[in-house]
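# Remarks on the overall topology
Here is what each chain is made of, one letter per residue.
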Amino acid sequence: IKSYRLGEADKIIKIFTPDNGLVSAVAKGAYNMKSKFSGRLELYNVIDCEFSQGKTLDIISQAEILEVFNGISGDFLKFNYAQSVSEVILKTQSEKAASHNLFKLAYLLIKKINSIDNNDEVLLQILLIFFMINFSKIMGFAPMLRSCTVCGREMQKSPIEIKDDNKDDYQGLTVFSVKYGGIVCRNCASDKNGLIFLNYEDSYLLTRLFYCHLEELTESAAAYKVSSKILNLMSEYVSFHLEINLASLAYLKKIHKNII
């Protein structure tokens, strides 16, 4: 999920594994024209590796390709959204710490990003929102959407429990607090700062992605403005609770001002 040059010909590889978490290793001579690793150690390839022990880092002695995601490397938007997934993992996971659920989530998301149509920004945003929601579940700080995070009061019906032709049953705006970890009732929100107000469409997308499965994501159609807002919310949520800065999303904002 990350690589960089070491000296003239060697490459340091950051590999995310189901059994050993993040693994940092050196591929000797990877940049040589006749390297045995040619094309095998590219970003987002799924590989089977053998390692030997080095002085400071493991050394990759053999690598075989199991799966290649060519649709990512050749598409600017797909690549940068995949980079956001990688960055979250790189900044939160430790070396040699297994996380089978997170590995499965990351693998399935990267595979999905690879397979979607080019330039489908809404679906890319929805995929990243889905990743961040489920990442927060795995890490144990998922947002509370059913009751007030401050007083515990049960909230009104969820948007996904209200049929489209009965949107009027959804009363007013939902108040979300990144700091307090989810929905805040009107009484508790009166003296809080940094609140995010969600209308029916915003709340529907957030709640839908919170409870849906990956194969249902193509059914989560949303307006670009809505998916952008919820991606921004979940990015801020993950950044705040893990105290990390997601530079990949900041880069997307910089080069494409309307991306979020």
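What you are looking at is a predicted structure, and each value in this text was computed from that prediction instead of being measured.

## Remarks on the packing of aromatic side chains
Taken as a whole, this structure holds nine aromatic pairs when the rule is applied. Considering the side-chain rings of phenylalanine 141 and tyrosine 237, the 5.9 Å spacing of their centres and the 20 degrees angle between planes classify their relative orientation as stacked. Residue phenylalanine 141 is found in the loop between α4 (121-139) and β6 (174-177), and its partner tyrosine 237 is found in helix α7 (residues 224-242); the two are separated by 96 residues along the sequence. Accessibility classification places phenylalanine 141 together with tyrosine 237 in one group, the buried group. The structure contains a cluster of three or more aromatic residues connected by ring pairs, namely Phe131, Phe135, Phe141, Phe176 and Tyr237. Its end group placed over the ring of tyrosine 31, arginine 5 keeps NZ or CZ at 3.8 Å from the ring centre.

## A short note on the pairing of strand β1 (residues 2-6)
With five bridges joining them, β1 and strand β2 (residues 10-17) adopt antiparallel strand pairing. What sits directly across from lysine 2, in β2, is lysine 14. Joining the antiparallel neighbours β1 and β2 is a turn of three residues, in which glycine 7 adopts a positive phi near 70 degrees.

## Side note on the sheet that holds strand β8 (residues 195-198)
Read from one edge of the open sheet, three strands run β7-β6-β8, paired in antiparallel fashion. Among the strands making up the open sheet, the edge pair consists of β7 (182-183) and β8. Judged from the four bridges that link them, β6 and β8 form a sheet pairing that is antiparallel. Across the sheet, residue phenylalanine 176 finds its bridge partner in β8, namely isoleucine 196. Against the sheet, helix α6 (residues 200-211) makes contact with β6 and β8, and its axis sits at roughly 100 degrees relative to β8, the strand it touches most. The sheet contacts of α7 involve β6, β7 and β8, and relative to β8 the element is tilted by about 150 degrees.

About the thresholds
Residues numbered from 1 in each chain as written. Predicted model: local features only at pLDDT ≥ 70, side-chain atom pairs only at ≥ 80, totals over all residues. Heavy atoms only, no water. Phe/Tyr/Trp six-rings, centres within 6.5 Å; stacked < 30°, edge-to-face > 60°. Helix = DSSP H or I, 4+ residues; strand = E, 2+ residues; numbered from the N terminus. Buried < 20%, exposed > 50% of the residue type's maximum accessible area, 1.4 Å probe, protein only. Lys NZ or Arg CZ within 6 Å of the ring centre and 35° of its normal. Pairing = 2+ DSSP bridges. Contact = heavy atoms within 4.5 Å. Axes fitted to C-alpha atoms, helices over the stretch in contact; angles between N-to-C directions.

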